[in-house]
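Topology and contacts: notes
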Amino acid sequence: MTLSPGELARTGLRFDLDQPLPGAATVTLSRPERRNAQTPGMWRGLAAIGRSLPEQVRVVVIRGEGSSFSAGIDLRLLGGEAVPGSEPLPSPADPGFEDWIASCQEGFGWLRQPEIVSIAAVHGHAIGAGFQLALGCDLRVLADTAQLCMREPTLGLVPDLMGTKPLVDIVGLPRALEICLTGRILAAAEARELRLAELVVPADEMNGAVSDLAAAILTIGPATARATKELLAQAPGNTLAQQAAAERRIQTALQRARSSR
Ligand code: ACO
């Protein structure tokens, strides 16, 4: 399903092809008056973008408009209020509740697909679902104004938008537990120390830094970039011997495909 720009705007999103440069696309959370608070409607919009991504797009930048990256779920939904552009939250008693969460997660999962490299460009607050969206991306560039916070447990929720695995993979279980169960704010400098940011830059240099990163990635051929991402992504779950076998298998497939062109 492809959404028109108008339909996307109603979900609080904007999609700009060839931004910041050809071969890339930028998805902007565009509800600045609500600090880009997220809704199930927005997650459906993200999923629709993922499903209809043009083949030439190899880098996807996720950013927020205004003063925050994203203030997390639209809290009005938790209070049972209607929010324009979104369905209400279903009752947890609904037998389809888990499937509904799966449908929301679709907005995040595509950011890890091997054909693209996703970059979260985070300035200001990234709270709850906002932090999870940043974690859902392959890479994170933070402005020095960035503040990350996993607030879900303080609201009686677990983080369920595909943020827990990357968090644990990056910072380790004890630190992930501490971050989630204190709900404290991580400033950009600490995020860099914890390897939650590939790069921290002054806020006014963020666009340039993201563009430079995208440009560097785009110098690598699409098949090589895809194969490299596939290879690296399986390393944490593999033994050394399994990973060595994956290197041989993927190299052979890549070089055979190259020589047959
Ligand atoms: N949901 C709905 N509305 C929001 C949200 C949100 N998550 N965050 C901010 N807004 C609204 C505010 O209500 C306010 O609306 P108003 O102008 O009609 O009063 C407007 O956005 C601006 O918010 P401020 O708080 O005035 O902005 P400020 O820049 O001072 O603070 C901050 C930003 C820190 C992000 C603050 O708004 C905040 O703490 N928001 C709530 C964060 C939160 O707890 N999110 C849920 C996480 S859990 C999860 O995502 C599952």
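Scroll up a little and you will see the structure.
Below, the structure is looked at part by part.

Parameters at a glance
Residues numbered from 1 in each chain as written. Predicted model: local features only at pLDDT ≥ 70, side-chain atom pairs only at ≥ 80, totals over all residues. Heavy atoms only, no water. Helix = DSSP H or I, 4+ residues; strand = E, 2+ residues; numbered from the N terminus. Buried < 20%, exposed > 50% of the residue type's maximum accessible area, 1.4 Å probe, protein only. Contact = heavy atoms within 4.5 Å. Expected span 1.5 Å × (residues − 1). Pairing = 2+ DSSP bridges. Near = heavy atom within 4 Å. Polar contact = N/O pair within 3.5 Å; in protein donor to acceptor, adjacent residues only side chain to side chain. Areas by Shrake-Rupley, 256 points an atom, 1.4 Å probe, with all protein chains shown as cover. Nonpolar A, V, L, I, M, F, W, Y, C, P; charged D, E, K, R; others polar. Axes fitted to C-alpha atoms, helices over the stretch in contact; angles between N-to-C directions. Parallel < 35°, antiparallel > 145°, perpendicular 65-115°, else oblique. Left-handed = near helix turned anticlockwise from the far one by under 90°. Salt bridge = Lys/Arg side-chain N within 4 Å of Asp/Glu carboxyl O.

**Some thoughts on the environment of leucine 77**
- Looking at where leucine 77 falls in the secondary structure, it is placed in helix 3 (residues 75-78).
- Look at leucine 77 and you get buried, because its relative accessible area is 5%.
- A sequence separation of 38 residues divides leucine 77 from threonine 39, and the C-alpha atoms of the two residues are 7.9 Å apart.
- Apart from the residues lying within four places of it in its own chain, the contact partners of leucine 77 are Gln38, Thr39, Pro40, Val83, Glu87, Pro88 and Leu89.

**Observations regarding helix 4 (residues 97-109)**
- Spanning 13 residues, helix 4 covers 18 Å between terminal C-alpha atoms, matching the ideal 18 Å at 1.5 Å per step.
- Residues Trp100, Ile101, Ser103, Cys104, Gly107 and Phe108 constitute the buried set of helix 4.

**Digging into the sheet that holds strand 7 (residues 147-149)**
- Strand order in the open sheet made by the three strands is 5-7-8, with mixed pairing throughout. At either margin of the open sheet sits one strand with a lone partner, and together these are strand 5 (125-127) and strand 8 (186-187).
- In terms of strand pairing, strand 5 meets strand 7 through three bridges, oriented parallel. From the neighbouring strand, alanine 126 faces strand 7, where its bridge partner is leucine 148.

**Here's the deal with the site of the ligand**
- Near the ligand, the surroundings consist of 16 residues, among which Arg35, Ala71, Ile73, Leu75 and Ala129 are the closest.
- Contact distances for the ligand include 3.2 Å between a nitrogen atom and a side-chain N or O atom of arginine 34.
- Between the ligand and arginine 35, the relevant distance is 3.0 Å, taken from an oxygen atom to a side-chain nitrogen or oxygen of the residue.
- Alone, the ligand offers 940 Å² of accessible surface; in the complex the protein occludes 64% of this.
- Its residues placed into classes, the shell around the ligand shows seven nonpolar, three polar and six charged.

**Quick look at the packing of helix 2 (residues 40-51) against helix 4**
- Packing of helix 2 against helix 4 leaves a shortest axis separation of 6 Å and a crossing angle of 55°. As far as their axial angle goes, helix 4 and helix 2 are oblique. Judged by the sense of rotation from one axis to the other, the crossing of helix 2 with helix 4 is left-handed. Residues Pro40, Trp43, Arg44, Leu46, Ala47 and Arg51 of helix 2 form the contact with helix 4, whose own contacting residues are Trp100, Ser103, Cys104, Glu106, Gly107 and Phe108.

**Considering the pattern of salt bridges**
- For the structure on display, the rule yields 13 salt bridges.
- Arginine 14 serves as the salt-bridge partner of aspartate 16, at 3.2 Å between the closest nitrogen and oxygen.
- Taking the relative accessible area as the measure of exposure, aspartate 16 reaches 26% and is therefore partly exposed.
- Looking at arginine 14, the relative accessible area reads 35%, which means it is partly exposed.
- A salt bridge links arginine 226 to glutamate 230; its shortest N-O distance comes to 3.4 Å.

**Some points on the sheet that holds strand 9 (residues 199-201)**
- Ordered in space as 1-2-3-4-6-9, the six strands form an open sheet in which the pairing is mixed. Two strands lie at the open edges of the sheet, namely strand 1 (13-17) and strand 9, each paired on one side alone. With strand direction ignored, the average angle separating the axes of adjacent strands in the sheet is 20°.
- Strand direction decides the pairing type here: strand 3 (residues 59-64) and strand 4 (residues 117-122), joined by five bridges, are parallel.

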